[in-house]
Amino acid sequence: MPSEQTESFLAHAPPALVPALRAHPGLEAALEGLVREARGAWPQVDLDAGSFLEHVAGHLPSSGEAGEVLAGLRAADLFLAFACLRGDTRALEALDARVLSQVGTWLPREPPSRVDELRQLLRQRLLVPEGGAPPKLATYSGRGPLMQWVRAVAMRLLVDQHRATPREVPLEEAPAALMASLSVNPELAIMRQRHQEDFRVAFRAALERLEGQDRNLLRLHHVHGLSVDSVGAVYQTSRSTAARWIVRARERLLALTREELTTRLGLTPDELNSLLRLVQSQLDVSLAQLLKD
């Protein structure tokens with residue numbers, strides 16, 4: 001007969017999963033293993049086994065093979081998150097020392113002031129309820145390393161920081177250097193005046209045809225101002241790979257814009273090439289205007 005602790009665990013599990021859990025012959029041993037792993041990882045943190053297992057149960061998926069579901073849990077990470085949510089001082093110190101201290105390594109090219117600000121915002125997001133919702137850490141399910149999960153939250157916060165002050169420049173307000181180059185190049189100046197609306201329409205159509213990841217890469221880098229390193233951190237890839245992806249996305253966008261202009265305008269090859277030079281010269285400004293969320 002299941003123990004009182006096991007029955008409490010089942011009472012907090014997703015109802016759809018309970019029959020599979022009850023039928024699992026190794027359920028009690030698996031629960032004991034979760035508690036043992038948590039205690040072994042954080043011996044300095046007080047552990048109420050019953051409350052911890054209720055927390056674990058509340059984060060189980062609603063379907064799956066019971067043995068695999070339980071075996072896939074990261075008990076040590078789940079317990080650290082659980083103890084932090086309960087305000088345990090030693091658990092909070094461990095979170096700071098083991099996890100939040102790594103924010104700077106995730107963003108090596110970001111200035112220290114931004115890293116410090118992000119770390120403070122991250123700690124608040126993880127531990128403080130907001131708008132009636134529980135702290136973000138309460139949603140950690142233990143089905144992946146806590147470090148990676150927190151890193152993903154940090155990257156989302158970084159994007160939000162940049163989005164709060166987007167570098168949106170109207171197409172008509174190109175940088176002074178660009179305007180100067182247009183003024184000394186009569187050909188480009190005439191093309192700009194004659195076909196600006198055609199360019200807008202073609203460029204927007206090209207953006208809509210761009211693949212989702214390419215569009216998002218350009219938005220992060222050109223609109224929200226993330227460095228190549230930070231874009232790499234968002235996608236958990238190297239700086240060189242992120243740079244290559246961004247270049248590829250720009251080239252694809254220019255190629256699609258050329259297709260749209262070719263379809264819409266009856267220009268000579270020379271006129272089309274002149275207009276495309278204008279497109280390329282205004283690319284950053286145009287992205288900032290048209291890739292707004």
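Residues numbered from 1 in each chain as written. Predicted model: local features only at pLDDT ≥ 70, side-chain atom pairs only at ≥ 80, totals over all residues. Heavy atoms only, no water.

A.B. asks: Any chance you could explain the overall build of the protein here in plain terms?
C.D. replies: Scanning the protein from terminus to terminus reveals 17 helices and 0 strands. Expressed as a percentage of the 293 residues in the protein, the buried residues total 44%. When contacts within the protein are restricted to residue pairs at least 6 apart in sequence, long-range pairs at least 24 apart make up 70% of them. Per element, the accessible surface of the protein, about 14900 Å² overall, is 50% carbon and sulfur. (Helix = DSSP H or I, 4+ residues; strand = E, 2+ residues; numbered from the N terminus. Buried < 20%, exposed > 50% of the residue type's maximum accessible area, 1.4 Å probe, protein only. Contact = heavy atoms within 4.5 Å. Areas by Shrake-Rupley, 256 points an atom, 1.4 Å probe, with all protein chains shown as cover.)

A.B. asks: Quick question: what am I supposed to make of the nonpolar core here?
C.D. replies: Generally speaking, soluble globular proteins have nonpolar side chains that are buried together. F9, L21, F52, L60, F79 and L122 are the most contacted members of the largest nonpolar core, which has 65 residues in total. The element that contributes the greatest number of residues to this core is helix α6 (residues 75-85), accounting for 9 residues. Setting aside chain neighbours within four positions, we find L21 in contact with F9, L10, A13, L27, L60, A66 and L70. (Core = buried A, V, L, I, M, F, W, Y, C linked by side-chain atoms within 4.5 Å.)

A.B. asks: I keep staring at the packing of helix α1 (residues 4-12) against helix α3 (residues 27-41) and nothing clicks. Help me out?
C.D. replies: When two helices pack together, their arrangement is given by the angle between the helix axes and the distance between those axes. Packing of α1 against α3 leaves a shortest axis separation of 11 Å and a crossing angle of 90 degrees. Looking at the two axes, α1 sits roughly perpendicular to α3. For the pair α1 and α3, contact is made by T6, F9 and L10 and by L27, E28 and L31, respectively. Counted by class, the contact of α1 with α3 contains 4 nonpolar, 1 polar and 1 charged residues. (Axes fitted to C-alpha atoms, helices over the stretch in contact; angles between N-to-C directions. Parallel < 35°, antiparallel > 145°, perpendicular 65-115°, else oblique. Nonpolar A, V, L, I, M, F, W, Y, C, P; charged D, E, K, R; others polar.)

A.B. asks: What exactly am I supposed to notice about the packing of α6 against helix α7 (residues 89-98) here?
C.D. replies: Packing of α6 against α7 brings their axes to within 8 Å, and their N-to-C directions diverge by 120 degrees. One finds that α6 runs oblique with respect to α7. The way α6 lies across α7 gives a crossing that is left-handed. Side by side, α6 and α7 meet where L80, A83 and C84 of the first sit next to A91, L92, A94 and L95 of the second. (Left-handed = near helix turned anticlockwise from the far one by under 90°.)

A.B. asks: Please clarify how the pattern of salt bridges should be interpreted in this entry.
C.D. replies: Any two side chains of opposite charge can pair, on the condition that their charged atoms come close. Considering all chains together, one arrives at 7 salt bridges under this definition. For D96, the salt bridge is made with R123, and the minimal N-O distance between the two is 2.9 Å. Highlighted residues: D96 in helix α7 and R123 in helix α9 (residues 112-127), separated in sequence by 27 residues. Here R209 ties to E259 by a salt bridge, and the two come within 2.8 Å at their closest N and O atoms. Taken together, the residues span a long stretch of sequence, with R209 in helix α12 (residues 186-209) and E259 in helix α15 (residues 239-264) at a distance of 50 residues. With relative accessibility at 39%, the residue E259 sits in the partly exposed group. (Salt bridge = Lys/Arg side-chain N within 4 Å of Asp/Glu carboxyl O.)

A.B. asks: What should I look at first to understand the packing of aromatic side chains in this one?
C.D. replies: Geometrically, a pair of aromatic rings is defined through the distance of the ring centres and the angle of the planes. In this structure the tally under the stated criterion is 4 aromatic pairs. Each ring, one from F52 and one from F82, has its centre 5.9 Å from the other, and the planes form 50 degrees; the classification is tilted. Separated by 30 residues along the polypeptide, F52 in helix α4 (residues 49-58) and F82 in helix α6 bring together distant segments of the chain. F82 sits in the buried class, given a relative accessible area of 8%. Plain terms: the ring middles of F79 and F82 are 6.3 Å apart, the flat faces sit at 40 degrees to each other, and that makes the pair tilted. Of the two residues, F79 and F82 both sit in helix α6, 3 residues apart, roughly one turn of that helix. With respect to class, F79 is no different from F82; both count as buried. One aromatic cluster in this structure is built from F52, F79 and F82. (Phe/Tyr/Trp six-rings, centres within 6.5 Å; stacked < 30°, edge-to-face > 60°.)

A.B. asks: For this particular structure, what's the right way to read the environment of R39?
C.D. replies: Within the secondary structure, R39 is located in helix α3. Residue classification places R39 among the partly exposed residues on the basis of a relative accessible area of 43%. With sequence-adjacent residues up to four places away left out, R39 is seen in contact with L47 and A49.

A.B. asks: Just to check I follow, could you spell out the confidence of the model for the protein for this structure?
C.D. replies: The predicted coordinates ought not to be read in detail in places where the model reports low pLDDT. Of all residues in the protein, 76% attain a pLDDT of 70 or more, and the chain-wide mean is 80. This model gives residues 166-191 a pLDDT under 50, and the stretch forms 44 contacts once residues within four places in sequence are excluded. (pLDDT = per-residue confidence, 0-100.)

A.B. asks: Hey, could you run me through α4 in this one?
C.D. replies: Owing to its 3.6 residues per turn, the α-helix aligns residues three or four sequence positions apart on the same side. For α4, the complete set of buried residues consists of A49, F52, L53, H55, V56 and A57. Where α4 is buried, its residues meet α1, α3 and α6.

A.B. asks: Would you mind going over the side chain of D77 with me for this structure?
C.D. replies: Residue placement: D77 occurs in helix α6. Since its relative accessible area comes to 17%, D77 is described here as buried. D77 has contacts with Y140, G144, P145 and L146, leaving out every residue within four places of it along the chain.

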